[in-house]
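Remarks on the overall topology
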Amino acid sequence: MDFVQTAPVLGNQYRDDRVLHAYLERALPREVHAAIAKDLDELGAHAATAWAAARARTPSEPVLTQWDAWGNRVDQIETTPVWRHGAELATRYGLVAAGHETTHGAHARTDQFARVYLHHIASEFYTCPLAMSDGAATALKASGNRTLIERALPHLLSRDSATLWLSGQWMTETIGGSDVGNTETTACRDADGRWCLHGRKWFTSAVTGEMALTLARPEGTDALALFYLETRDSGGRWNGICVDRLKDKLGTRELPSAEIRLDGALAEPVGELAHGVRLIAPMLNMTRTWNAVCALATMRRCLALAFEYARRRHAFGRALIEQPLHRATLASLQAEFEAAFQLVFFVTELLGRVETGTASPEERALLRVLTPLAKLWTGKLAVRIASEACEAFGGAGYIENTGIPQLLRDAQVYPIWEGTTNVLALDVLRALGANGVDSVITAADALLGEAGNDRHGVRASLSAACDWLATHSAHRDALEAGARGLALTLARCFAAALLARHAAWAERERGDARARAALAIFAGHGLTRLSSSAMDAVATLADNDDP
Ligand code: MFK
């Protein structure tokens, strides 16, 4: 009989994840880790069974039915079977709630995001509405609007699937996905003095939720305000919302992203009738954190599959993992992942400290800078690792029902959602402008101090970044043109400093040299990504497309 290659087998994704285990052991008090380990173990087991189950069934997608048999506009969305269990799993494991509960104090966010990291792929991107719900809860808390907090938070943070609400984040319009300040949706008062929204939202992720935060321009003003709305009235009818169609997307196809029209949707202002972007910013920063955690989850899944397959698959007389170039390729991807892991989970630690009021002013400023850095770098890295994972499987990695191509298609959303790489790089400039670069350098120095020494040139690369900023700060165009290189340099420097600190701990406490090896490989890829300000060359190339 012809040879048939066995498929890769995924084990319990908590038990098998050395990087997660070591991190939690270092970052969490022993009693917190012990208290959450059972949930993490169950999520890790579920990740494996869900992967196998997904390979065994025909993929399904949400279906929109706009009209019933009698001509009534109904706009019903039938979600996928996995999505129909989404609320049950989300509440059982507190995927949103855990981040807001006080049981584990400042460790709440790390606890929550370890759960999210383990569950993301199995959830079929049900994590997207969960991210927005977390963002909505965070933005409402920050607004101080007691009425809306009392109304919505018990639902958004519910541990009971019967009462859980999901929130949308309706920002994108045809005129502006990034330039949200151009929002065309208007808000006017009806005869009873209630606010009604009119406009078209071009990308609404998960319109199946119960509420949304959205931006609109109050009549008679130029200002942009943040509004809260519930998607249905007390009778279950749409609240002045028409679902025009579901998006036909490259990936995340289980997620019912929609184009909708607001035609008199009743809404309430969240705060003052202005500064809508400022008011929604806490939501943006929260969903950007989820984005980074979910990008990490994709990287980890790709690497778990690629390593498992490399041990199973033989070519040229030995297992792929024994082939020098293949093992070096996988090790180099693993090193990038381990560095990204330390950065993203450090962001969750900072977030927990800021939200519990235990962070220093410097840590608060650092969180503002590291959130977009983590989002933009991990978004790109997830696509690269997913692409390499396809290649690591050869032709099989290009075959749909292995599940590998979907990882790549889905990964491509991370650099786009919640602000593209360039928009996030400009946000880093915004954050550095507000807080200064000194606090960033001081924080990196402190981390390197904890790591014992700096054999990997983090200080030199940070110093190059500072010099670059000083040289370009007076020239806005040059500054913006190099913002991506600056952001990637800062992200890599922080990740290296954090990995160095972790590696020192792993060697000391566990006698484990693997994080140190990851650091050596990661730093060997280079930390600096600064671009020269060859503005003339850019202009020559970009401004002239004559044949
Ligand atoms: C599974 C993974 C989970 C992921 C969930 C995905 C859900 C998907 C749903 C979506 O994709 S929704 C669409 C997401 N869209 C965006 O992320 C928009 C991207 N565009 C930007 O981020 C622009 O930079 C921005 C809209 C913010 C620009 O708007 P403006 O009005 O030109 O901003 P401006 O004037 O610079 O800032 C207005 C205020 O907001 C300023 O404060 P002040 O009024 O006090 O001066 C800024 O400092 C503040 N601000 C802006 N961004 C901020 C922020 N504050 C804190 N954090 C930020 N990130």
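Not measured: the values here are computed from a predicted model. (Residues numbered from 1 in each chain as written. Predicted model: local features only at pLDDT ≥ 70, side-chain atom pairs only at ≥ 80, totals over all residues. Heavy atoms only, no water.)

Topic: the overall build of the protein
- The helix and strand tally for the protein stands at 18 helices and eleven strands.
- Radius of gyration (C-alpha) of the protein: 24 Å, near the 24 Å computed for a compact globule of 547 residues.
- In terms of overall dimensions, the protein has C-alpha extents of about 75 × 70 × 65 Å along its principal axes.
- Classification of the 547 residues of the protein by burial places 55% in the buried group.
- If you take every contact in the protein between residues at least 6 apart in sequence, the share linking residues at least 24 apart comes to 74%.
- When the accessible area of the protein is evaluated, it comes to approximately 23,200 Å², of which 53% is carbon and sulfur surface.
- Seen as two clouds, the 56 positive and the 64 negative side-chain charges of the protein have centres 4 Å apart. (Helix = DSSP H or I, 4+ residues; strand = E, 2+ residues; numbered from the N terminus. Rg over C-alpha atoms; globule rule 2.2 N^0.38 Å. Buried < 20%, exposed > 50% of the residue type's maximum accessible area, 1.4 Å probe, protein only. Contact = heavy atoms within 4.5 Å. Areas by Shrake-Rupley, 256 points an atom, 1.4 Å probe, with all protein chains shown as cover. Lys, Arg positive; Asp, Glu negative; His and termini not counted. Charge placed at Lys NZ, Arg CZ, Asp CG, Glu CD.)

Things to note about the side chain of R288
- Take R288: it is sitting in helix 8 (residues 276-312).
- On the basis of relative accessibility, which here comes to 8%, the residue R288 falls in the buried class.
- Apart from residues no more than four positions distant in its own chain, R288 is found in contact with T371, K375, E418, G419, L424 and D427.

Let's talk about the site of the ligand
- In the vicinity of the ligand lie 28 residues, with S178, R278, N285, R288 and R430 positioned nearest.
- Within the contact set of the ligand, a nitrogen atom lies 3.4 Å away from a side-chain nitrogen or oxygen of R368.
- A distance of 3.3 Å separates an oxygen atom of the ligand from a polar backbone atom of G419.
- A total of 1,200 Å² of accessible area belongs to the ligand in isolation, and the protein chains cover 77% of it.
- Those elements that provide at least two residues to the shell around the ligand are helix 6 (127-143), helix 8 and helix 12 (421-435).
- Ranked by residue count, the leading element in the shell around the ligand is helix 8, at ten residues. (Near = heavy atom within 4 Å. Polar contact = N/O pair within 3.5 Å; in protein donor to acceptor, adjacent residues only side chain to side chain.)

What to know about the packing of aromatic side chains
- Under the counting rule described, the total for this entry stands at 13 aromatic pairs.
- Taken together, a centroid distance of 5.6 Å and an interplanar angle of 70 degrees make the contact between Y23 and F341 edge-to-face. Of the two residues, Y23 sits in helix 1 (residues 18-27) while F341 sits in helix 9 (residues 324-355), which places them 318 residues apart along the sequence.
- You can call Y23 buried: its relative accessible area is 0%.
- Seen from their ring centres, Y23 and F345 are 5.3 Å apart, and the 50 degrees between their planes marks the pair as tilted. In this pair, Y23 sits in helix 1 while F345 sits in helix 9, placing the two residues 322 residues apart along the sequence. Across this residue pair, the class does not change: Y23 and F345 are buried.
- Aromatic ring contacts, followed pair by pair, group Y23, Y117, F337, F341 and F345 into a single cluster.
- The cationic tip of R73 hangs over the ring face of W67; the distance from NZ or CZ to the ring centre is 5.2 Å. (Phe/Tyr/Trp six-rings, centres within 6.5 Å; stacked < 30°, edge-to-face > 60°. Lys NZ or Arg CZ within 6 Å of the ring centre and 35° of its normal.)

Structural notes on the packing of helix 5 (residues 108-119) against helix 6
- Close contact between helix 5 and helix 6 brings their axes to 12 Å; oriented N to C, the two are set at 160 degrees. Taken together, the axes of helix 5 and helix 6 lie roughly antiparallel to each other. Helix 6 is crossed by helix 5, and the crossing has left-handed handedness. Two secondary-structure elements touch here, helix 5 through R109, Q112, F113 and V116 and helix 6 through T127, D134 and T138. (Axes fitted to C-alpha atoms, helices over the stretch in contact; angles between N-to-C directions. Parallel < 35°, antiparallel > 145°, perpendicular 65-115°, else oblique. Left-handed = near helix turned anticlockwise from the far one by under 90°.)

A few points about the pattern of salt bridges
- For the structure shown, the criterion picks out 35 salt bridges.
- For D244, the salt bridge goes to R73, with nearest N and O atoms at 3.9 Å. Here R73 lies in strand 2 (residues 73-78) and D244 lies in strand 8 (residues 241-246), a separation of 171 residues in the sequence.
- Residue R73 is classed as partly exposed on the basis of its relative accessible area, which comes to 32%.
- Note that R368 is salt-bridged to D427, the shortest N-O span being 2.8 Å. Of the two residues, R368 is situated in helix 10 (residues 361-392) and D427 in helix 12; the sequence distance between them amounts to 59 residues.
- On the accessibility criterion, R368 (25% relative accessible area) is partly exposed.
- On the accessibility criterion, D427 (5% relative accessible area) is buried.
- Salt bridges sharing partners connect three or more residues here, namely R73, D75, D244 and R261. (Salt bridge = Lys/Arg side-chain N within 4 Å of Asp/Glu carboxyl O.)

A word on helix 16 (residues 483-510)
- Between its terminal C-alpha atoms helix 16 stretches 39 Å, which fits the 40 Å expected from 28 residues at 1.5 Å a residue.
- The element helix 16 is extensively covered by neighbouring structure, given that 23 of its 28 residues are classed as buried.
- Just downstream of helix 16, G511 is the residue with a positive phi angle, here 60 degrees. (Expected span 1.5 Å × (residues − 1).)

Topic: the domain arrangement of the protein
- What the domain assignment lists for the protein is domain 1 (167-276) and domain 2 (437-543).
- Each of domain 1 and domain 2 has a C-alpha centre, and the two are 39 Å apart. (Domains from an automatic or database assignment.)

Re the nonpolar core
- Core analysis: the largest hydrophobic core is formed by 159 residues, its most contacted members being Y117, L213 and W377.
- Residue contributions to this core peak at 20 residues, all from helix 8.
- Taken domain by domain, the makeup of this core includes at least three residues from each of domain 1 (167-276) and domain 2 (437-543).
- Setting aside chain neighbours within four positions, we find Y117 in contact with D17, L20, V293, L296, A297, R300, F337, F341 and F345.
- Judged by nonpolar contacts, the second largest core, of 20 residues, contains F227, A258, I260 and L262. (Core = buried A, V, L, I, M, F, W, Y, C linked by side-chain atoms within 4.5 Å.)

Concerning the pairing of strand 6 (residues 211-218)
- Among the eight residues of strand 6, eight are classified as buried, and the element is accordingly described as predominantly covered.
- The pairing of strand 3 (residues 167-170) with strand 6 spans four bridges and is classified as parallel. Its bridge partner lying in strand 6, Q169 is registered against L213.
- Where strand 6 and strand 7 (residues 225-230) come together, six bridges link them in antiparallel fashion. Within the sheet, the bridge partner assigned to A212 lies in strand 7 and is L229.
- The turn joining strand 6 and strand 7, which pair antiparallel and follow one another in sequence, is formed by six residues; a positive phi near 80 degrees is taken by G220. (Pairing = 2+ DSSP bridges.)

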